[in-house]
Structures are given as C-alpha cells and as structure tokens.
Amino acid sequence: MLIKDIRKKISTKEFAHCTDAILSLVLEKPRKDIKEDDFISEEYAKYCEELADDFTKSYELIYQRGKTHFMDIPLIITKDVFPPVFATEPFINEILSKFSDKKRILEIGTGSGAMSIAIAKNNKNCEIIATDISEEILSVTKQNIKLNKTNNIKVLKSDLFKEVTGKFDLILSNPPQQKTETLNKADKEGKLITPKVASDGGIDGFDLYNKIKNQAKEYLTEDGVLVLQHDGYTNTYKYNEL
C-alpha cells in the first residue's frame, strides 16, 4: 500500500483532518519527508486507521516510543508530560504570523517544551522563559531544548506566575482544560493515559485558564498580549483588555 492509498482509505474517518500528524507519528518521520508514493506496511496502515478513528490512542503510541514530532520538530516524551497534539499547531502558526515582533516571551505550562521550541526555531531573535510546576516535567523540557539546539529558551520552575519576574511582550499558554470529574472517572476506570496535572482544568475546565487571564496583566508590557488556547480556540487579550 502507498501513502496516497492510506490517505484515501481514512479520508472519511472522524480524525481524517489529522492525517498528516498521524502519518508522521506512525512512520516516525517529519511530514516533509513523507511522499505520496512511499510504501507503507500493512501494520502501519492499520495503525493509521485506528488513530483516524480515535486520535487519543496516539498518546499510548507516543508514550510507548518515547518520542514524537510537533510541526516537524523532534521531541522526547515521557509520561510526565502531555504529548503535543496536532490541534495546537494552528495556535502556534497564528502566534508566529501575528506576533513575530515580540521579543520577550513567557510560556506558562510548557510541558515537553513543544510550543516554545517551535516559536524559538522560527523567531531566533526572541528570548523565551518556559515555566512548569515540577522538576520532572522541566527535565523533559530541557532535553528537548538541547535536542533542538534552541538556546534562546530558559526554563523556570513556577506554579503559574508565582516565581516569574519582569515584563513580557507575549505570554502564551495552552492550559489544562478537562473537567476534574471527567478525569476522576477515567482514572477510576483505568482509562486515564495522560498525566492528571497536565489535564486537570478544575470543575468547569477553565480554572487555570481564568487564573492565567486574571494574573497576566501584571507581567505584560503595555504593548504586550496574552494568547490562550482552550478547546481548540485561540483567544487573544491586549494589555488594556485585561
């Protein structure tokens, strides 16, 4: 079977819009290296079909392999972090297209470091502070920074803004956004794959989103912007809108 054949086969499935990400994950290749006339084995084709039916299964495969790609960027992944997902790529592309002039950047809840690394590789003049809540998470971040040679990123252990100092031109975050009740149910049923700390958004899924929004103004320059993703949507707030 060829790549173009499996594309056609999964074109009507629920997660067909993630086909490029699925192929990259299954074949362990950057998207730019995947050609339509490349051969794909029956085993890998079956993997693609399964992920196109249920993309959450990709997390199991990523954890099993310990690596993935995000925007063709190679990343080390452990069970301490939430694997970066295809739906976050438009969020980063929007930041890169609209806010390329921003030089001092803060990411709250960096996890694997995927978003900061993507920005750093495309905007070499910026300086990024990437934060998260534990040393275990930041150990993965540091490995990925080293892997991608993005020396314009520094990491900081911080619970949201607690240890942050200074002002930033851009603050971004894709905070945990699943409801606690949903996560607890999945945990009891043995279906919780991703780390709870990276998924738990509180009672309504907006707990950390609202905390970041309410605290961000203190850390923004007057020309600064806060950009948050929630449930696939990008929300931008200027300094005077907070």
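Residues numbered from 1 in each chain as written. Predicted model: local features only at pLDDT ≥ 70, side-chain atom pairs only at ≥ 80, totals over all residues. Heavy atoms only, no water.

> For this particular structure, what's the right way to read the pattern of salt bridges?
Side chains that carry opposite charge are capable of pairing whenever their charged atoms lie near each other. Per the counting criterion, the structure on display carries 13 salt bridges. A salt bridge links E49 to K9; the shortest N-O distance between them is 3.4 Å. One end of the pair, E49, is in helix α3 (residues 42–53); the other, K9, is in helix α1 (residues 3–9), and 40 residues separate them in sequence. The exposure class assigned to K9 is partly exposed, which follows from its relative accessible area of 44%. Residue D53 pairs with K13 through a salt bridge whose shortest N-O separation is 3.4 Å. Separated by 40 residues along the polypeptide, D53 in helix α3 and K13 in the loop between α1 and α2 (19–27) bring together distant segments of the chain. Residue D53 is classed as partly exposed on the basis of its relative accessible area of 42%. The class for K13 is partly exposed, based on a relative accessible area of 22%. (Salt bridge = Lys/Arg side-chain N within 4 Å of Asp/Glu carboxyl O. Helix = DSSP H or I, 4+ residues; strand = E, 2+ residues; numbered from the N terminus. Buried < 20%, exposed > 50% of the residue type's maximum accessible area, 1.4 Å probe, protein only.)

> For this particular structure, what's the right way to read unusual backbone geometry?
In terms of backbone geometry, most residues other than glycine have negative phi values and most peptide bonds are trans. Even without being a glycine, M71 presents a positive backbone phi close to 55 degrees. Within the secondary structure, M71 is located in the loop between β1 (67–70) and β2 (73–76). Positioned with a positive phi, D231 is a non-glycine residue whose angle comes to about 55 degrees. Tracing the sequence through the fold places D231 in the loop between β7 (220–230) and β8 (233–238). Given a relative accessible area of 56%, D231 falls into the exposed group.

> Which parts of the structure should I look at to understand the sheet that holds strand β6 (residues 168–173)?
Read from one edge of the open sheet, 6 strands run β5-β4-β3-β6-β7-β8, paired in mixed fashion. One side of each edge strand has no neighbouring strand; the edge strands of this open sheet are β5 (153–157) and β8. For this sheet, the mean inter-axis angle between neighbouring strands, taken without regard to orientation, is 20 degrees. With 5 bridges connecting them, strand β3 (residues 104–108) and strand β4 (residues 127–132) associate as parallel partners. (Pairing = 2+ DSSP bridges. Axes fitted to C-alpha atoms, helices over the stretch in contact; angles between N-to-C directions.)

> I would appreciate a short explanation of the environment of I133 in the present structure.
Within the secondary structure layout, I133 lies in the loop between β4 and α7 (135–148). Assessed through its relative accessible area of 37%, I133 is described here as partly exposed. It is 8.7 Å that separates the C-alpha atoms of I133 and L156, two residues lying 23 residues apart in sequence. Look past the residues within four positions of I133 in its chain and what remains in contact with it is K157, S158, D159 and V197. (Contact = heavy atoms within 4.5 Å.)

> I'm lost on the packing of aromatic side chains in this one. Help?
Given two aromatic rings, their pairing is described by the distance between the two centres and the angle made by the two planes. Tallied over the entire structure, the rule returns 5 aromatic pairs. Pairing Y44 with Y47 gives two aromatic rings, centres 6.3 Å apart and planes at 40 degrees, and the pair type is tilted. In this pair, Y44 and Y47 both sit in helix α3, 3 residues apart, roughly one turn of the helix. In this structure Y47 comes out as partly exposed when scored by relative accessible area, which is 26%. K217 extends its terminal NZ or CZ atom over the ring of Y239, reaching a point 4.9 Å from the ring centre. (Phe/Tyr/Trp six-rings, centres within 6.5 Å; stacked < 30°, edge-to-face > 60°. Lys NZ or Arg CZ within 6 Å of the ring centre and 35° of its normal.)

Just geometry here; none of it tells us what the structure is for.
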